[in-house]
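Structural overview
Each chain, written out:
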Amino acid sequence: MKTGFDYIVIGSGSGGVAVARRLHDAGADVAVIEAGQSSFGVAEIEDPARWFSLQSGPWDWGHHYTPSARILNREIAIPRGKALGGSSATNAMMWYRGVPADYDRWNDTAPGWGWQDCLPAFRAAECWEGGATALRGGDGPLQITRPDPDHPLTRAMIDGGVAMGLDRIDDPNGPEAGGVGLANFNIDKAGLRHTSAQAYIAPILSSERLTVLTETLAHHLTFEGDRATGVAVHSPKREALLTARQGVILAAGALETPRLLMLSGIGPAKELAELDIALRIKAEGVGQNLQDHPLVRALNFRATAPLGAMVGNGGGTLSIWKSDDTLPQADLLAFPVQGRSAVPALWDHYDLDGDDIFSIGLGVMRSYSKGALRLAAATPTAPLEIQPNLLSDPRDLTALVKGVEFLMDMVATSGFSTYFKDYVAPQRGEDFETFVRRSCSTFFHCCGTAHMGAGEDAPVSPRLGVKGCRKLWVADASVIPEIPSCHTHAPVTMIGERAATFILEDA
Ligand SMILES: Cc1cc2nc3c(=O)[nH]c(=O)nc-3n(C[C@H](O)[C@H](O)[C@H](O)COP(=O)(O)OP(=O)(O)OC[C@H]3O[C@@H](n4cnc5c(N)ncnc54)[C@H](O)[C@@H]3O)c2cc1C
């Protein structure tokens, strides 16, 4: 087996495959290490309608958020894809980049990350069905399409949003900063999920300069002095030390990258000492700054008729609006679900039976709550202690309560007149704050746990290098300094694209 490469990329998710492909195309010999199995040709992954069932079982890491009183002491699963393609192989396929202000705020602490700096990398990733524009890319690797607008729920969401005063927008990734319109999806023209691995890796699989090792778990990094030189890996077939002549890129995601840093001696001094891990670089920010969007899962309603077969991922539109008109940018996002959507606590509390239920998920996207993760043991497989502190910032709770009020009114508008029959969860007149606490879950957007920045608190530099050592970079959701007001696959893909640029420039 070949064990020496120019670059080793750990993780084949949204960030990892983008950086691997761009380094390969620049002439480098690249290895991609992936703990999960190949996702190519797997029917349950390719079928957009089955995305939700991928969250438990072999395609997921099985992590959980620790309970807190703010969410009524419930444990919440926090799925992370364990497959070639990472979470892009198991996610809900929404492609939404947020608004320029999200990135201009990054630029305040991580110079070089303003919207105008990031836009070329977003465009480079995109193969948008509408073709290239000043804002959209038309010939990148990732196929991005609109859904079929004919489903009655899609039409009701648009008409209901307009009846509530939202603008009808053509493209959430276009120039408008809010409104209601058809979503963008990583679904190809044949109607199949388009994972990042299919987009970035599949076209170069036969290259002699690409090695993809699936079912291979990275344990820790190796160093010579302050230079990262490789990674120790385990697979069912072998244990091996892989070496990287030019450097190592961590792209194991917002939960596993901080773990690998800590297992390699890079992290908070006290925590590493408690686990008997020798300290290599004191980096108190590793594991801190954990952010996620709180998601109300979900408001459930009874429809006038059964909903029929699932179309696409079961969603189809995005509604983006302000919980308070005085806010500088939209903070709420809602999407429909063709069927019920409920955390277990809602099942216990409401009558959710029947094939005539539709639901609306509601996220607060300009969210402020922050948490942290810790290693419970010094191994690459032990459960992590992950506390996101959802709803700890009162602004997040206030926004969600207002969002619930908005959506309860929206289904009663003329837009939903042929579709909406009755309220199920919540009921009219209920205490919506308790409903939010009971239904609050994850939007699956955990990030920020090895954040980039110029300040001393940031373990990663704005050029994505791990501070205190050479030839080690991070290119995944961990580096996000402040959660953007969108889903995270698009921003992380953009980060992967830009990571390759920085690495090649700094070589
Ligand atoms: C169920 C779900 C639904 C979501 N829906 C959406 C959506 O609709 N739109 C959107 O924009 N975002 C969505 N997201 C979020 C988005 O997919 C992620 O934020 C994004 O994919 C993260 O990219 P990443 O590169 O940081 O990590 P990942 O894509 O998770 O990749 C990390 C990779 O590293 C591998 N890995 C980890 N540790 C090791 C190790 N020790 N050794 C070897 N390999 C390792 C993992 O198996 C994985 O393949 C969703 C996520 C989930 C899980």
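Numbers given to residues run from 1 along each chain, matching the order in which its sequence is written. Local features in this predicted model are restricted to residues of pLDDT 70 or higher, and side-chain atom pairs are both shown and tallied only at a pLDDT of 80 or more, whereas totals for entire chains, interfaces and linings draw on every residue. Only heavy atoms go into the side-chain values, all of them from the structure, while hydrogens and water stay out.

A few points about the pairing of strand β1 (residues 4-10)
The cut-off we apply is this: In this scheme, a residue with accessible area under 20% of its type's maximum is buried, one over 50% is exposed, and one in between is partly exposed, where area comes from a 1.4 Å probe on protein chains only. Only runs of H or I of at least four residues qualify as helices and only runs of E of at least two qualify as strands under DSSP, and these elements are numbered from the N terminus. Strands are labelled as partners when DSSP assigns at least two bridges between them. A crossover counts as right-handed when, viewed with the strands pointing away from the observer, the path leading from the first strand over the helix to the second turns clockwise.
Across the 7 residues that make up β1, a large majority, 7, are buried. Pairing geometry for β1 and strand β11 (residues 239-250), over 6 bridges, is parallel. Bridge pairing links Val-9 to Ile-249 in β11. Bridge count for β1 against strand β2 (residues 30-33) is 4 bridges, and the pairing is parallel. Across the sheet, the residue bridging to Ile-10 is Ile-33, located in β2. Crossover handedness for the path β1 to helix α1 (residues 14-25) to β2: right-handed.

Here's the deal with the site of the ligand
Definition in use: Throughout this document, a residue counts as near a molecule or strand when at least one of its heavy atoms sits within 4 Å of that molecule or strand. Polar contacts, as counted here, are pairs of nitrogen or oxygen atoms within 3.5 Å of one another; within protein the pair requires one atom able to donate a hydrogen and one able to accept it, and residues that are adjacent in sequence qualify only if both atoms are side-chain atoms. We get accessible surface area from the Shrake-Rupley algorithm with a probe of 1.4 Å; when it comes to residues, only the shown protein chains can shield them.
Near the ligand lie 39 residues; those nearest to it are Ser-14, Glu-34, Ser-87, Thr-488 and His-489. Between Trp-61 and the ligand, the recorded distance is 3.1 Å, taken from a side-chain N or O atom to an oxygen atom. Here an oxygen atom of the ligand sits 2.9 Å away from a polar atom, N or O, in the main chain of Ala-477. Within the complex, 99% of the 1000 Å² of free accessible area of the ligand lies under protein.

Points about the domain arrangement of the chain
Many descriptions give the size of an interface as the accessible area lost when the pieces come together. Just so we agree on the cut-off: Where each domain starts and ends follows an automatic or database-derived domain assignment. Whether two residues are in contact is decided by their heavy atoms: any pair within 4.5 Å suffices. The term buried area refers to how much accessible surface (probe radius 1.4 Å) is lost by two components on association, counted for both of them together. By definition here, a salt bridge exists when the distance from a side-chain nitrogen of Lys or Arg to a carboxyl oxygen of Asp or Glu is within 4 Å.
Split by domain assignment, the chain resolves into domain 1 (4-43 + 196-290 + 447-506) and domain 2 (44-75 + 134-193 + 293-442). The partner domain 2 presents 38 residues to the 39 residues of domain 1 that form the contact. For the pair domain 1 and domain 2, the summed buried area comes to about 3200 Å², and 62% of that belongs to carbon and sulfur atoms. Our count for the contact surface shared by domain 1 and domain 2 stands at 3 salt bridges. The salt bridge partner of Arg-374 is Glu-274, with a shortest N-O separation of 3.3 Å. In this structure, the connection of domain 1 to domain 2 is made through 20 residue pairs in polar contact (both at pLDDT 80 or more). Those elements giving two or more residues to the side of domain 1 that touches domain 2 turn out to be α6 (196-201), β9 (217-224), α7 (253-263), α8 (269-274) and α12 (489-506).

Concerning unusual backbone geometry
Note: most residues except glycine have negative phi, and most peptide bonds are trans. The omega torsion of the bond from Arg-297 to Ala-298 falls at -5 degrees, within 30 degrees of zero and hence cis. Following the sequence through the fold, Ala-298 ends up in strand β14 (residues 294-303). Backbone torsion omega between Ala-425 and Pro-426 reads 5 degrees, so that peptide bond is classified as cis. Secondary-structure assignment places Pro-426 in the loop between β20 (420-425) and α11 (432-439). The phi torsion at Asn-289 lies on the positive side, around 65 degrees, for a residue other than glycine. With respect to the secondary-structure elements, Asn-289 resides in the loop between β13 (281-282) and β14. Overall, Asn-289 belongs to the buried group, its relative accessible area being 12%. Of note, the phi angle at Leu-464 is positive, near 75 degrees, even though the residue is not glycine. Along the chain, the position of Leu-464 falls in the loop between β21 (440-442) and β22 (472-474).

Points about the side chain of Thr-154
Mapped onto the elements of the fold, Thr-154 is located in helix α5 (residues 152-163). A relative accessible area of 2% places Thr-154 in the buried class.

What to know about the nonpolar core
To keep it simple, the criterion reads: In plain words, nonpolar cores are sets of buried Ala, Val, Leu, Ile, Met, Phe, Trp, Tyr and Cys residues tied together by side-chain atoms within 4.5 Å.
Formed by 162 residues in total, the largest nonpolar core has its most connected members in Trp-113, Phe-358, Phe-416 and Leu-472. In terms of residue count, the dominant contributor to this core is helix α10 (residues 394-410) (9 residues). The residues that make up this core include at least three from each of domain 1 (4-43 + 196-290 + 447-506) and domain 2 (44-75 + 134-193 + 293-442). With near-sequence residues (within four places) excluded, Leu-472 lies in contact with Leu-221, Phe-223, Ala-228, Val-248, Leu-250, Leu-261, Ile-266, Leu-464, Gly-465 and Val-466. Listed in part, the 6 residues of the second largest apolar core include Val-42, Ile-45, Leu-54 and Trp-59.

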